[in-house]
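Residue-level structure breakdown
Listed below, chain by chain, are the residues.
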Amino acid sequence: MLPPHPSVVRPLRTAAGGLSEAEAEARRARGEGNAYRASTSRTYWEILRQNAYPGINGILVVVSVLLLAFGMVVESLLTAGPVLANIGIGVAGESRAKRKLDRIALLSRPQARVIRDSEERGIGPADVVLGDLLVARRGDQVVLDGTLVGDGRVELDESLLTGESDAVSKEAGDPVLSGTAVISGTAVFEVTSVGAASFANRLLAEAKRVGDERTPLQREIAATIWAVAALVLLAVVPVAIALAALPGGFGSTQTLTAAAVLVTLVPQGLAIMVTVTYATGALRISHLGALVQRQNAVESMARVDTLCMDKTGTLTTQRIWYAGADVLGDHDPGEVAAALGSLAASTTATNRTTEAIATACPGLARPVADEIPFASERRWSGLRFADGEAWLIGAPTVLLPRPAGSAGEGRETPDGGAPGAVGAPGASGTVSADPPDVATRAAAVAAEGVRVLLLARAPAAAALRDAEGRPALPANLAPVALLRFGEELRPDVREILAGFARAGIELKVISGDDPATVEALARRVGLDVADEATSGPALAALGDAQAADEVERRSIFGRVEPALKARLVALLRSRGHYVAMVGDGVNDILSLRRANLGIAMESGSAAARGVADLVLLGDRFDVLPRAVIEGQRIVAAMEATLVLLLSRTFYVLLIIAGAAMAGLPFPLTPRQNSVLAFATVGIPLIVLAIWVPPRRLPRSLLAETLRVSIPVSFAVVLVALPTYAYVLGTGVSLVEAQTVLTSVTVFCGLGLLPLISSGAREESPGRLVRWWPWLLAGIMLIVYLVILALPIARDFYELTTLGPREILVLLGIGTAWTVAVHGLRRTGLVRRAEGMLVRAVRRGPGSLDVRSD
């Protein structure tokens, strides 16, 4: 727990009507306002510093300055140019994304409900002052620290602060901390600390000092950069020995030339590439209608293979309506309507269910002696009026005095609704009030896909709490009526489900409703869920291994309480699934945190939005399949980029080291190295960002890229280095030999393009998808041949003229190399070797879990 902040001031007790506007202004003028604004993203200075920070940049700048001192102006620019370009592109891309996302975050920030001049109103958190009376209802997040006032009790979720998921009961005089969420009841509290003094802001400041958790891909990239840097240092040894034997030793210009080439082989742009990709990816996803709150969400979306969701807000809209009642026994329908009207008008914890009842059954408010708001864990709510009359509404299996197993279930949404789905109005009837008959009837109604609740009456003056003040069901409840509620299907639900299927994502519907209700609704939207429904109590009774088997096998889960929902998410993750969770209520907080990717609705509780990685603006669930596919596309382009960058780094490094150990002259100049990078990496990378089809991110992206880049790098060296040695042995000039080496390496490097993102092309069959890499390779081949043909371009890159015969021979070598490599990759031997490499890399250090606990 953080220590008290020295600026916390305990104000005098505020009157029940709250502060006046004049008093609020006076306190703000005295510096008692909540003017502190925590940064929602990195500052521009942080963006610039982190893009310019990599240590290799400093070495490159030093080498470029030395080249300039020796009069090698072009070489100096070619060395320093990529550094400045990387920094400029990174800063521009992240700054643009920051501006856009900050505007979206400002629009979606939570509002505070304040009592001033005896009126409740909504204001921005920055307008709150010390001593204000704030109101937080079920699903709201406490925005500032304070002390509860007034009568009654509330239940708070402090899991964001303590890690404990159990509800904490509070009453007048108890402190509340910012960052907690209201589970049930209405909290009215007096603000005791504002600005940087509040607990949540101090926690945020402490977290920013610790630093952000790097994602798995960022950790892999950092390890790759250091590994390549170590390989470059190893290659320096034979190169240094060879240079020492030259006239002039290390003082020759060849030393600077070698240093300029070697240093540029360290892929310093990779780390920046990941950051810029996340930033631009978040921006592109925001254009679809989703706010990325954590940078790892882009990476997570490309990894997701399982989506867990409730049906409300996903398969159905948020709209529900009261569709009638099945009156039980000899109860009077008029009595039922009057009781419902009084309950809906008298409750202080309104939700969509009570609003639907109030619309259909208007009534007058009555004095209330005690109230138990709806909570997902209880699945019931109750009111005891001042005259002793007590009524309860909840899941039939909870309120009926019989074991759970066949009746409708209360649901776990923040509005306190209950089981059922879209259904026809019920009618008054003569259903027996005997509990077994009521349970049978409730199960039959639920199987129609209708949300069903039980209205029950408690004995006169029955208490709704136990001796310790905790909510407790009274004994001898009398069933009065089964209430039906209808839900509206999303009009585009079938297209949304088809989008998830295209993205390769399996759906799991986890609801508090009766399994039969959920299964009936799933069938209506076209899901194949025959005999796949199971109940939460049945799962809770199983051990982890058996429960995990059931969770993998089934797709419909009903009667699931919040704690069990979080357990199901954890079980799926334990079986290697990458899980996304969609939630909108405070009861979903634990599940959202347990998932690899937490997704919240904008209209959901502030607490759920606060812990989510992704927020669906305007509750546009249809955005999610497109956002997932966009994330897959972004990371597929990143995979192709890694293959090209690492392959080029490895084969150039191996050629340099091999030439030095064979006693051959240094094989490349900085200009020749730049044209090699331009033809095989530079332009192709730009095209890849547009053309690479989406695919789900493999478990280890680095392992997948090394599976291609390392074998093909050795294959390039086996052709290029002997060719270089052979041409030198014929007595040609060094420049001509270097031109031959550059050309054959370019031809082989272009043959690598069709190998990139082969997994993505296999997942996205199509004529253009299959042939575009060959088209790109052909275009870049023509570009390189034009460079060889134009004297001004040829001289700039320090190449010499090659005759048609030489070019045809080199093209033949490159073609034969391409055919051989593509053919060998299809053999079982190569694939087994690649598999061994992938497993070796995966056993390396670092967790592959994007989410941190």
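Our subject is the structure that appears above.
Predicted model, so just to flag it, every value in this text is computed and none were measured.

1. Some words on the sheet that holds strand β5 (residues 153-157)
The three strands lie next to each other as β6-β5-β8, forming an open sheet whose pairing is antiparallel. The open sheet has two free edges, formed respectively by β6 (168-171) and β8 (181-184), since each of these has just one partner strand. Each strand axis lies, on average, 45° off the axis of its neighbour in the sheet, ignoring direction. Of the pairings in the sheet, the one linking β5 to β6 comprises four bridges and is antiparallel in character. Bridge pairing links Leu 156 to Val 168 in β6.

2. Some points on unusual backbone geometry
The phi dihedral of Asp 117 is positive, around 50°, even though this residue is not glycine. Inspection of the secondary structure assignment puts Asp 117 in the loop between β1 (112-116) and β2 (119-123). Even without glycine at this site, Glu 798 takes up a positive phi of about 55°. Relative to the helices and strands, Glu 798 is located in the loop between α28 (791-796) and α29 (804-825).

3. Side note on the environment of Phe 374
Its place among the elements puts Phe 374 in the loop between β13 (368-372) and β14 (380-385). Its relative accessible area of 7% is what places Phe 374 among the buried residues. Placed 236 residues apart in sequence, Phe 374 and Arg 138 show a C-alpha to C-alpha distance of 9.0 Å.

4. Some thoughts on the nonpolar core
Leu 721, Tyr 724, Val 746, Leu 752, Tyr 784 and Trp 817 are the most contacted members of the largest nonpolar core, which totals 58 residues. Elements supplying a minimum of two residues to this core: α22 (623-661), α23 (670-691), α24 (701-729), α25 (734-752), α27 (767-789) and α29. Here the element with the most residues in this core is α24; it accounts for eleven residues.

Each value, and the rule that gives it
All residue numbers refer to position in the chain's written sequence, counted from 1. For a predicted model such as this one, the threshold for reporting local features is a pLDDT of at least 70, and the threshold for listing and counting side-chain atom pairs is 80 or more; totals across whole chains, interfaces and linings nevertheless cover every residue. Side-chain numbers here rest on the full set of heavy atoms in the structure, without hydrogens or water. At least two bridges found by DSSP between two strands is the condition for calling them paired. Every helix listed is a DSSP run of H or I at least four residues long, and every strand listed is a run of E at least two residues long, numbered separately from the N terminus. What counts as an axis is a line fitted to C-alpha atoms, over the stretch in contact for a helix, and the angles between N-to-C directions run from 0 to 180 degrees. Throughout, exposure labels follow a simple rule: accessible area from a 1.4 Å probe, protein chains only, divided by the maximum for the residue type, with under 20% read as buried, over 50% as exposed, and the rest as partly exposed. Take the buried Ala, Val, Leu, Ile, Met, Phe, Trp, Tyr and Cys residues and link them wherever side-chain atoms come within 4.5 Å; each set so joined is a nonpolar core.

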